[in-house]
Amino acid sequence: MKNPLRWLVPARTGVVETTKSQDVSSLFAVSHGGHAHWSSADYATMARRGFMANPVVYRCVRLICENAAAVPLLLYDGAQELDSHPALDLVTRPNQQMGRSDFVEGLVGHLLISGNAYVELLALEGTPRELHLLRPDRVSAITGENGWVEGFEYRAGNRSVTYRADAQGRMPVAQLRLFHPLDDLTGFPPLQAALMALDIHNAASRWNKALLDNSARPSGALVYANAASSNLSEDQFARLKSELEDGYSGASRAGRPLLLEGGLDWKAMGLSPKDMDFVEARNSAARDIALAFGVPPMLLGIPGDNTYSNYAEANRAFARQTLIPMLVRTLDGLNHWLRQWFDPDIRLAIDEDRIEGLGQEREAVWARLANADFLTDAEKREALGYSPQPEGHDV
């Protein structure tokens, strides 16, 4: 009865098979040298391989965008808070298809993935009516002879639209961008800084999946070293190849007992997952991605480097160091642009008292002011950002 050949690593790729014409009386090694291949930094690649294919990037972007959209916006005319204003209505309901949360999520998401965000304002008879987001990879700046931006071109397929300032000098498109040290026209996204870590994390996931498909064993070489004959016969080679492909490839065949015959010997080639420290390498890449976005690893469930004792501290650090600076910077750019269309003294601002991650800070401030007997009620209200108390109102 024919003895079955048993294969230690039933992988179709990464396995060196002996052939009839080769002298394999002794072990030989095959190495593949080369350079690392990194993803390009264009918007489509980072969106597909990052946000749409990597869980760490997806969660970082969603965490920042959703928290930014959840922060209420206030409108001020100088130092006075306004309850109603056309600018506030415009931001609250930007257009017929999007609400404020959708608009803010898309705006911040474009900044995180592209480093740029473009907002188009539609006006009717000079009155602003709607705000729309333009996809960053479809917009290019039009510069003049002096290098300053004079307009924008939006191209989708074979159609293009050019935006320039009107007779009053008002630009219908606003560009919000993050700081870029080498480019005067476009911003530098956080995802691009984490591009190497992104490729490592994605490659580790693909490698792990391929390893599981190949019975969770590393690659190697099957060596034939028979003193009587240094080469396999035609029938032996065909039977060996058939046994390997049909009987020992795939995760469902993992762990089968093996039996080698006739001078066949298995020699492992490459590192095992343990030797590669696979799990730690993947977690290290995930921490680098979280670091680029400014998200504490504890909030993402990434083990290691958790410098915060609890989630409350991590949430507070995320709010103070990432969320609030991003919103303040974004609103400052919008304010500078919207003043062309509305009153020059209006400004949008965030309501920090409504940010959940800062609850402990607010409690501490209220407690200190409550015990400050040397302050009047009016001074305490001013310290908390409230307007003066109306006359005749009892405390």
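Right, let's walk through the structure included here. (Residues numbered from 1 in each chain as written. Predicted model: local features only at pLDDT ≥ 70, side-chain atom pairs only at ≥ 80, totals over all residues. Heavy atoms only, no water.)

### Describing the overall build of the protein chain
No. 1: Regarding its fold elements, the protein chain presents 13 helices and 11 strands.
No. 2: Going through the 395 residues of the protein chain one by one, you find that 39% of them count as buried.
No. 3: Looking at the protein chain alone, contacts between residues at least 24 apart form 65% of all its contacts between residues at least 6 apart.
No. 4: Put simply, the protein chain shows about 22900 Å² of open surface, and 51% of that area lies on carbon and sulfur atoms. (Helix = DSSP H or I, 4+ residues; strand = E, 2+ residues; numbered from the N terminus. Buried < 20%, exposed > 50% of the residue type's maximum accessible area, 1.4 Å probe, protein only. Contact = heavy atoms within 4.5 Å. Areas by Shrake-Rupley, 256 points an atom, 1.4 Å probe, with all protein chains shown as cover.)

### Quick notes on the sheet that holds strand β3 (residues 116–124)
No. 1: Pairing in this open sheet of 3 strands is antiparallel, and the strands run β4-β3-β8 from one edge to the other. Lying at the two open borders of the sheet, with one neighbouring strand each, are β4 (127–134) and β8 (173–177). Neighbour-to-neighbour, the strand axes of the sheet open up by a mean angle of 25°, direction not taken into account.
No. 2: Looking at chain direction, β3 and β8 are connected through 5 bridges and run antiparallel. When the sheet's bridge partners are listed, E120 is paired in β8 with V173.
No. 3: Its contacts with the sheet place helix α4 (residues 100–114) against β3, β4 and β8, and it is angled at close to 145° to β3. (Pairing = 2+ DSSP bridges. Axes fitted to C-alpha atoms, helices over the stretch in contact; angles between N-to-C directions.)

### Focus: a nonpolar patch on the surface
No. 1: A surface patch of nonpolar side chains, amounting to about 320 Å² of accessible area, comprises W38, M196 and I200.
No. 2: Following the sequence through the fold, M196 ends up in helix α6 (residues 195–213). (Patch = residues over 30% accessible without salt bridge, like charges linked within 9 Å, V, L, I, M, F, W, Y side chains within 5 Å. Salt bridge = Lys/Arg side-chain N within 4 Å of Asp/Glu carboxyl O.)

### Brief notes about helix α1 (residues 43–51)
No. 1: Listed in full, the buried residues belonging to α1 are Y43, T45, M46, A47 and G50.
No. 2: Looking at the buried residues of α1, the elements they touch are α2 (55–70), α4, α5 (190–193) and α6.
No. 3: For α1, the N-terminal capping position is held by D42, with its side-chain oxygen 3.4 Å away from the main-chain nitrogen of A44. (Polar contact = N/O pair within 3.5 Å; in protein donor to acceptor, adjacent residues only side chain to side chain.)

### Observations regarding the sheet that holds strand β11 (residues 346–350)
No. 1: If you trace the 3 strands from one edge of the open sheet to the other, you get β2-β1-β11, paired in antiparallel fashion. For this open sheet the edge positions go to β2 (80–82) and β11, each flanked by a neighbour on one side alone. Strand-to-strand twist across the sheet, computed as the mean angle between neighbouring axes with direction ignored, equals 40°.
No. 2: Examined bridge by bridge, strand β1 (residues 73–77) and β11 share 5 bridges and lie antiparallel to one another. Following the sheet pairing, L73 is matched in β11 by I350.
No. 3: Packing of helix α11 (residues 311–338) onto the sheet brings it into contact with β1 and β11, and relative to β11 it is tilted by some 165°.

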